[in-house]
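# Tertiary structure, described
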Amino acid sequence: MEEIKKYAESISANLSEKKGVWTLEKVVAERKAFLSKKKLEYIAKFRIDDDSKEIRFTEMLKESGSGVSSGSIDDMSPGFGFKSGTYKTGMGPREGTIKEQSNLFGEKYDYEFKFEEIRGRMEEITKKMGYNFKYQITSKGL
């Protein structure tokens, strides 16, 4: 667990535990403007099962926003900008990138987040501990 805690600190993520389920949360993007706020968070949950030497892992992206929109009448989302996501789906975990571009008050902001990097590092740490890494699509059964 110590290596997971160090990794969470290294990527500026919050790590917490409740009833045996660990949660790793990282704000990927946050935009605050006059009367508007928008946030994109990466959330991973996992349970360490010492009996079966297994870590069950799931992840998701959560987008939240509030405030007054500055966009057109057709664009009722809070905040400013354009977001696109590219990913591969199937029976396994989601892979790809999320990109956002924004022209907020005349300044250009860009970011790119590759969520499979966190999952890959968690799997690597798990294997170093001598545990199996099991990816789950939902948090049910964690």
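Residues numbered from 1 in each chain as written. Predicted model: local features only at pLDDT ≥ 70, side-chain atom pairs only at ≥ 80, totals over all residues. Heavy atoms only, no water.

Before going further, it helps to examine the overall build of the protein chain. If you tally the helices and strands in the protein chain, you get two helices and eight strands. Across the protein chain, helices and strands are ordered from the amino to the carboxyl terminus as α-β-β-β-β-β-β-β-α-β. Among the 142 residues that make up the protein chain, the fraction classed as buried is 35%. Taking as baseline every contact in the protein chain between residues at least 6 positions apart, the subset at least 24 positions apart corresponds to 46%. For the protein chain, the exposed surface amounts to about 9,100 Å²; the carbon and sulfur share of it is 49%. (Helix = DSSP H or I, 4+ residues; strand = E, 2+ residues; numbered from the N terminus. Buried < 20%, exposed > 50% of the residue type's maximum accessible area, 1.4 Å probe, protein only. Contact = heavy atoms within 4.5 Å. Areas by Shrake-Rupley, 256 points an atom, 1.4 Å probe, with all protein chains shown as cover.)

This structure, assessed with the given rule, holds two aromatic pairs. On the basis of an interplanar angle of 40° and a centroid distance of 5.2 Å, the ring pair of F57 and F133 is categorised as tilted. In this pair, F57 sits in strand 4 (residues 54-67) while F133 sits in strand 8 (residues 132-135), placing the two residues 76 residues apart along the sequence. Here F57 falls in the buried class, since its relative accessible area comes to 0%. A ring pair is formed by F57 and Y135, whose centres lie 6.4 Å apart and whose planes are at 45°; its orientation type is tilted. Residue F57 is located in strand 4, and its partner Y135 is located in strand 8; the two are separated by 78 residues in the primary sequence. Given the relative accessible area of 22%, Y135 is considered partly exposed. Every member of this aromatic cluster is reached through a ring pair, and the members are F57, F133 and Y135. Lying across the ring of Y135, R119 places its NZ or CZ 5.6 Å from the centre. (Phe/Tyr/Trp six-rings, centres within 6.5 Å; stacked < 30°, edge-to-face > 60°. Lys NZ or Arg CZ within 6 Å of the ring centre and 35° of its normal.)

Right, let's talk about the side chain of K26 for a bit. Summarising the element assignment, K26 is placed in strand 2 (residues 21-33). Buried within the structure, K26 lacks any salt-bridge partner; E117 is the closest side chain of opposite charge, at an N-O distance of 9.8 Å. Only 2.8 Å separates the side chain of K26 from the backbone oxygen of I11, close enough to count as a polar contact. (Lys, Arg positive; Asp, Glu negative; His and termini not counted. Salt bridge = Lys/Arg side-chain N within 4 Å of Asp/Glu carboxyl O. Polar contact = N/O pair within 3.5 Å; in protein donor to acceptor, adjacent residues only side chain to side chain.)

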